[in-house]
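# A closer look at the structure
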Amino acid sequence: MLAHSQTIRDVSRALPALVADPDLDGPVSAELLDAHTTGLRHQYDSLLPVIDRAGKALAEAMKKLDAEESPDPQGEGASALEQGEAYFKHRREQLRHLRSAFSEVGAPPSHEVFDALDRLDNLYMWIVATMQEVRWSVLILEGLKDKAKSPECRSFASSAEWLASLREE
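About the thresholds
Residues numbered from 1 in each chain as written. Predicted model: local features only at pLDDT ≥ 70, side-chain atom pairs only at ≥ 80, totals over all residues. Heavy atoms only, no water. Helix = DSSP H or I, 4+ residues; strand = E, 2+ residues; numbered from the N terminus. Buried < 20%, exposed > 50% of the residue type's maximum accessible area, 1.4 Å probe, protein only. Areas by Shrake-Rupley, 256 points an atom, 1.4 Å probe, with all protein chains shown as cover. Salt bridge = Lys/Arg side-chain N within 4 Å of Asp/Glu carboxyl O. Expected span 1.5 Å × (residues − 1). Bend = angle between axes of the 7 residues up to and from the residue. pLDDT = per-residue confidence, 0-100. Patch = residues over 30% accessible without salt bridge, like charges linked within 9 Å, V, L, I, M, F, W, Y side chains within 5 Å. Core = buried A, V, L, I, M, F, W, Y, C linked by side-chain atoms within 4.5 Å. Contact = heavy atoms within 4.5 Å. Axes fitted to C-alpha atoms, helices over the stretch in contact; angles between N-to-C directions. Parallel < 35°, antiparallel > 145°, perpendicular 65-115°, else oblique. Left-handed = near helix turned anticlockwise from the far one by under 90°. Nonpolar A, V, L, I, M, F, W, Y, C, P; charged D, E, K, R; others polar.

This next bit is on the overall build of the protein. Scanning the protein for helices and strands turns up 5 helices and 0 strands. Secondary structure of the protein in N-to-C order comes out as α-α-α-α-α. When burial is assessed residue by residue, the protein has 36% of its 169 residues classed as buried. Total accessible area on the protein is roughly 10,200 Å²; 54% of this is exposed by carbon and sulfur atoms.

Turning to the pattern of salt bridges, a few remarks are in order. Side chains carrying opposite charge are able to pair once their charged atoms draw close together. On inspection of all chains with the given rule, the structure shows 7 salt bridges. A salt bridge links D52 to K56, with the nearest nitrogen and oxygen atoms 3.2 Å apart. Of this pair, D52 and K56 both sit in helix α2 (residues 33-63), 4 residues apart, roughly one helical turn. Taking the relative accessible area as the measure of exposure, K56 reaches 52% and is therefore exposed.

The terminal C-alpha atoms of α2 lie 44 Å apart, and with 31 residues this matches the ideal 45 Å at 1.5 Å per residue to within 8%. Along α2, the helix axis deviates most sharply at L47, where the bend reaches about 25°; the proline P49 sits within four residues downstream.

A low pLDDT means the predicted coordinates there should not be read in detail. Overall, the prediction assigns the protein a mean pLDDT of 78, with 72% of residues at 70 or greater. When pLDDT is averaged over each helix and strand of the protein, the minimum, 62, is found for helix α1 (residues 3-18) and the maximum, 89, for helix α3 (residues 76-104).

Together, F156, W162, L163 and L166 give the surface a local cluster of nonpolar side chains, amounting to about 360 Å² of exposed area. Along the chain, the position of L163 falls in helix α5 (residues 159-168). Judged by relative accessible area, which is 40%, L163 ranks as partly exposed.

If you look at the biggest cluster of nonpolar residues, it comprises 27 residues, and the most contacted ones within it are L40, F88, F102, L117, L120, Y124 and I127. Only α2, α3 and α4 (112-149) provide two or more residues apiece to this core. Setting aside anything within four residues of it in sequence, one finds L117 in contact with L40, L95, L98, R99 and F102.

Their axes nearest at 13 Å, the elements α2 and α3 cross at an angle of 160°. Classified by the angle between their axes, α2 and α3 sit roughly antiparallel to one another. The way α2 lies across α3 gives a crossing that is left-handed. Along its contact with α2, which presents L33, H36, L40 and Q43, the element α3 presents R91, L95, L98 and F102. In the contact of α2 with α3, the residues fall into 5 nonpolar, 2 polar and 1 charged.

Pasting the structure below:
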């Protein structure tokens, strides 16, 4: 297997495992807000360097792709990236529920726990965006390679014409 496509697949598979904590629990009482703040900050501080290195590894793999090699020969990398996106979107949803739970137990809007939630949510949002960008880059490169191999080059005047051509194949 090609080294760069292996990197894309491995990094995208590893990211969810790196943050696979038990589900985020809501606060039982307002007295635990400081403990939750510390936990959320720790999660962010632990995750950020790993995510940064993984992002750099993905960027390097994409830069070093040979024009002739496929970035994702079996489609495993794109699939793993899509699964990673879904995982981090789910984690963001858990953070939104946690925010509601903090409010319900009486956390003042100015409490640091909300800043910690926002910081972690922004990191998850950045991860999702990066995974989407890499996945689409891989899919576009694969499509361009497939187009180059295609004996027939077609163009379409409208989206309706393009959709009709899909039914033909």
